[in-house]
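# Structural characterization, general
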Amino acid sequence: MTTVILVDDHELIRQGLRRAFERDADFEVVGEAGTATEALRLIGELQPGVAIVDIRLPDANGLDLVKRLRAGSEKMGIVVLTMYSGDEHLFGALEAGASAFVSKDAPAEDIVAAARHAAVSPRAFTASDLAEAMKRRLEPTGPRLSPREREVLAMLAQGLGVAAIAKQLFISESTTKTHISKIYEKLGATNRAQALMSALRLGLIRQDPSPDRP
Amino acid sequence: MLGAFFTGSAIVERQRLGLAARATLLLLCSGLSLVDSLHQANGSLDVLGRLSVLVAIAILAVVAGAAWPQSVWVPVAEAASVAVLVMANAGPHQPLLPYLLAPALEAGLIAGVRGAVATAGAAAAMFLAASPFEIRKGQSLTYSSTASEWVLLALATGLLAAWARRLGVRTAGSNEAYPAAYRLMTQLRTVSRHLSGGLDALSLAHIVLQQLRDRTGFDRAAVFVPGPEGELVVLAGEGNVPDWDTSLASDGLMAEVWSQQRGAARQSGFSGTKGLVSMALPLTIGARTVGVVALERRFKWEMEDDIDSLTSILDEAALRIETALLFSEIRTIATAEERRRLAREIHDGIAQELAFLGYVLDDLAARSEQEDMQGELRDLRAQVTRVVGDLRLSIFELRSEVQGQTGLGAALSDYVRSIGAASAMTVHLVLDETPNRLPVEAEAELLRIAQESVTNARKHSGAQNLWVTCRINPPAARLTIEDDGTGLGTGRDDSYGIQIMRERADRLGATLSISTRPEGGTKVDVALQARPVEIASDQGAGRDQ
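Residues numbered from 1 in each chain as written. Chains lettered and ligands numbered in written order. Predicted model: local features only at pLDDT ≥ 70, side-chain atom pairs only at ≥ 80, totals over all residues. Heavy atoms only, no water.

## Some words on the pattern of salt bridges
Residues and elements named next belong to chain B. Scanning the entire structure with this criterion turns up 35 salt bridges over all chains. For Glu337, the salt bridge goes to Arg344, with nearest N and O atoms at 4.0 Å. According to the relative accessible area criterion, Glu337 is partly exposed, its value standing at 39%. Assessed through its relative accessible area of 39%, Arg344 is described here as partly exposed. A salt bridge links Asp390 to Arg386; the shortest N-O distance between them is 3.7 Å. (Salt bridge = Lys/Arg side-chain N within 4 Å of Asp/Glu carboxyl O. Buried < 20%, exposed > 50% of the residue type's maximum accessible area, 1.4 Å probe, protein only.)

## Side note on helix H9 (residues 306-348) of chain B
The end-to-end C-alpha separation of H9 of chain B is 62 Å, in line with the 63 Å expected for 43 residues at 1.5 Å each. The principal kink in H9 of chain B, of about 35°, is found at Glu316 of chain B. (Helix = DSSP H or I, 4+ residues; strand = E, 2+ residues; numbered from the N terminus. Expected span 1.5 Å × (residues − 1). Bend = angle between axes of the 7 residues up to and from the residue.)

## Remarks on the interface of chain A and chain B
Across the boundary between the two partners, chain A contributes 34 residues, which contact 36 residues of chain B. Where chain A abuts chain B, roughly 3400 Å² becomes buried across the two surfaces, and 56% of that area is made up of carbon and sulfur atoms. Considering only the side of chain A, the residues that lose the most area to chain B are Met83, Tyr84 and Asp105 of chain A, jointly responsible for 20% of the buried surface there. Here chain A is connected to chain B by 4 salt bridges. Asp105 of chain A is the partner of Arg392 of chain B in a salt bridge, and the nearest nitrogen-oxygen pair spans 3.0 Å. Inspection of the region where chain A meets chain B yields 13 residue pairs in polar contact (both at pLDDT 80 or more). Sorting the residues of the side of chain A that touches chain B by element identifies helix H1 (11-23), helix H5 (108-120) and helix H9 (173-187) of chain A as the ones contributing at least two each. Looking at the side of chain A that touches chain B element by element, the count peaks at 7 residues for H1 of chain A. Across the side of chain A that touches chain B, the residue classes break down as 11 nonpolar, 13 polar and 10 charged. (Contact = heavy atoms within 4.5 Å. Buried area = accessible area lost by both parts, 1.4 Å probe. Polar contact = N/O pair within 3.5 Å; in protein donor to acceptor, adjacent residues only side chain to side chain. Nonpolar A, V, L, I, M, F, W, Y, C, P; charged D, E, K, R; others polar.)

## A look at the sheet that holds strand E3 (residues 50-54) of chain A
All names here are of chain A. An order of E2-E1-E3-E4-E5-E6 is seen for the 6 strands of this open sheet, with the pairing classed as parallel. In this open sheet, the two edge strands, each paired with only one partner strand, are strand E2 (27-33) and strand E6 (126-127). In terms of strand pairing, strand E4 (residues 77-82) meets strand E5 (residues 100-103) through 4 bridges, oriented parallel. Bridging from a neighbouring strand, Thr82 pairs with Ser103 of E5. Contacts from H5 reach strand E1 (2-7), E2, E3, E4, E5 and E6, with the element oriented near 150° to E4. (Pairing = 2+ DSSP bridges. Axes fitted to C-alpha atoms, helices over the stretch in contact; angles between N-to-C directions.)

## Side note on the nonpolar core
In globular proteins that are soluble, nonpolar side chains generally tend to be buried together. Phe21, Ile52, Val53 and Val79 of chain A are the most contacted members of the largest nonpolar core, which has 64 residues in total. With residues up to four places along the chain from it excluded, the contact list for Val53 of chain A reads Val7, Gly62, Leu65, Val66, Leu69, Ile78, Val79, Val80 and Leu81 of chain A. Within the second largest apolar cluster, 37 residues are counted, among which are Leu431, Leu438, Ala457 and Ala477 of chain B. (Core = buried A, V, L, I, M, F, W, Y, C linked by side-chain atoms within 4.5 Å.)

## Comments concerning the side chain of Thr455 of chain B
Residues and elements named next belong to chain B. Structurally, Thr455 can be placed in helix H13 (residues 440-461). At a separation of 2.7 Å, a polar atom in the side chain of Thr455 contacts the main-chain carbonyl oxygen of Gln451. For Thr455, the contacting residues outside a window of four places in its chain are Glu397 and Tyr415.

## Thoughts on a negative patch on the surface
Residues and elements named next belong to chain B. Residues Glu371, Asp372, Glu376 and Asp379 make up a contiguous surface patch of negative charge. Here Glu376 is to be found in helix H11 (residues 371-399). Taking the relative accessible area as the measure of exposure, Glu376 reaches 55% and is therefore exposed. (Patch = residues over 30% accessible without salt bridge, like charges linked within 9 Å, V, L, I, M, F, W, Y side chains within 5 Å. Areas by Shrake-Rupley, 256 points an atom, 1.4 Å probe, with all protein chains shown as cover. Lys, Arg positive; Asp, Glu negative; His and termini not counted. Charge placed at Lys NZ, Arg CZ, Asp CG, Glu CD.)

Here is the structure:
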């Protein structure tokens, strides 16, 4: 039997989750906490198999609590619960050392399933949306350049100077310089060579200079 | 600025008091002199002469006081002159002595105890210096006691004034500021109720451009104000101005005008183009630059000194535009705060309660023995999940905002991405931004319009695909949101949303069109445009030849 502690400042949520875990013979809810402080005390005392932690707590960030719990124990399962959307919370939970990430609109069974997973392999992160989130994270590789910036970058790769680029694009030299400094900024570069290196690495330009110049 | 205003009004108050004191004392002295002249042998002619000199001294003192309002030397010199007048020409002429109170009062108000002592001292010194020559025999004793009485009275008046001044300085700082601020806020409230979009910086900027167009022609012009990252952003423009050099770090004309606070012109366009002339004028309030107005055209300006007169018509506009910008900033801050509060309220309230209901339904379904009941409970559970999912997105929407570092493009793509994650729609996003940004308020309104139309598509259209296109080219911008759903229905569900979108678009001065796509689905199109250059400007330019 796996012992569970519920950490959420909303009593109703704790009540609902307790019902769900009580239906399952593999789990026993041994404690509930409404704050991070209380959670740390209870968890230190009871050493549960799994902690269910809301990402937002009145006295601390839930993810900070997760980090402290993970630092204290490698073996405890930690399931992060949230009402927020946005991938940054999912990746935040992953980085804090959580075992699983579940949103609060998911059925109670999902949370129990996540707790089951967490109890068995606390260091193998899982989330229902993980694959999609990873795809979204990788999709626009790092910086997003505007179409005009991509044009300017391509010309920089061809070795054109500021004046030549300005002339070809029918824009002023100062505008061209602004585009270039934005490109440097987005690519984290301080000069043309660095910018071109990281653009190559990110696949923004190809190795062979494109022959189709207008 | 307010501090200077109060000091200014305090000076006016003090000058009024000085004038009143002088007038009263002149009347008193005249009365006393006339009464005195009845008992004197040397007639009224002398008396009138002395009185005219006293009046002249008083007028001189008032004029000099207006020229050097903070100088204590004016009342000191005034007191000394009066003392000389009292002694001159077979003095002393005691009826003129009361006038000494006037300079003492003023000196006390200007410079406190120091001023009072200096004025009384100057008068006393003059009396002492003149006494051996002028005093007629036999009068010496009465004279010196009367003179010293008046010198002491003048000193006392000056000290009283110094005391009053200290009280005044203390109260002017605290009490007067409140009524003034209150008046200002009341005016703002009145104005904001009359204008559809509150105190509208955009319209004010267009009025400025119109005024400049009337005074001198231009092909392209724009009003720039500092943006979130310290660069200049277009507040309002006529003609297409995106490639102008607005960097404050460069050696461009706008940067020069911004730092020098003086209008300037160049024999080239703002993007360095030959054959154009450009002019930039500062929008200043006191010693602060709050914006730059830039004009460009093909033919050279008529007169160089035009710059100063053009700059002068901007002074009032600067104050108005700055106030409007502050007002809209306050509104933005208040709105953002309210949105965060709403997000917290939904997050901690109804969202959690519905989530709990979901868990209860899960429990009931798990315990139920009857299969049909289980099925119904699962269906109900799916509905609750959907509603909680909607609430989660609402919370996200309320929390996402345009900020200093996060421009419209970044905020929009974050939002659209999370919609893609949370709904069945495939989202296609096209972003095209120039390095220059729109004013933050405009970005915020555009983001809200996009959110509203995306929400409509998600909730009501059953669309498979969503296309979001955003092109920003300040001061122009265009945002389109298309879906392949069921299209505009009766409009009952979302009419409130559409109304709010229209209000937002109006506030921006943008056009909003909502139509049904030929292929099916809905298209929302928001266009924020630079005002097209009128043909009149060409004629205006031609006239200058």
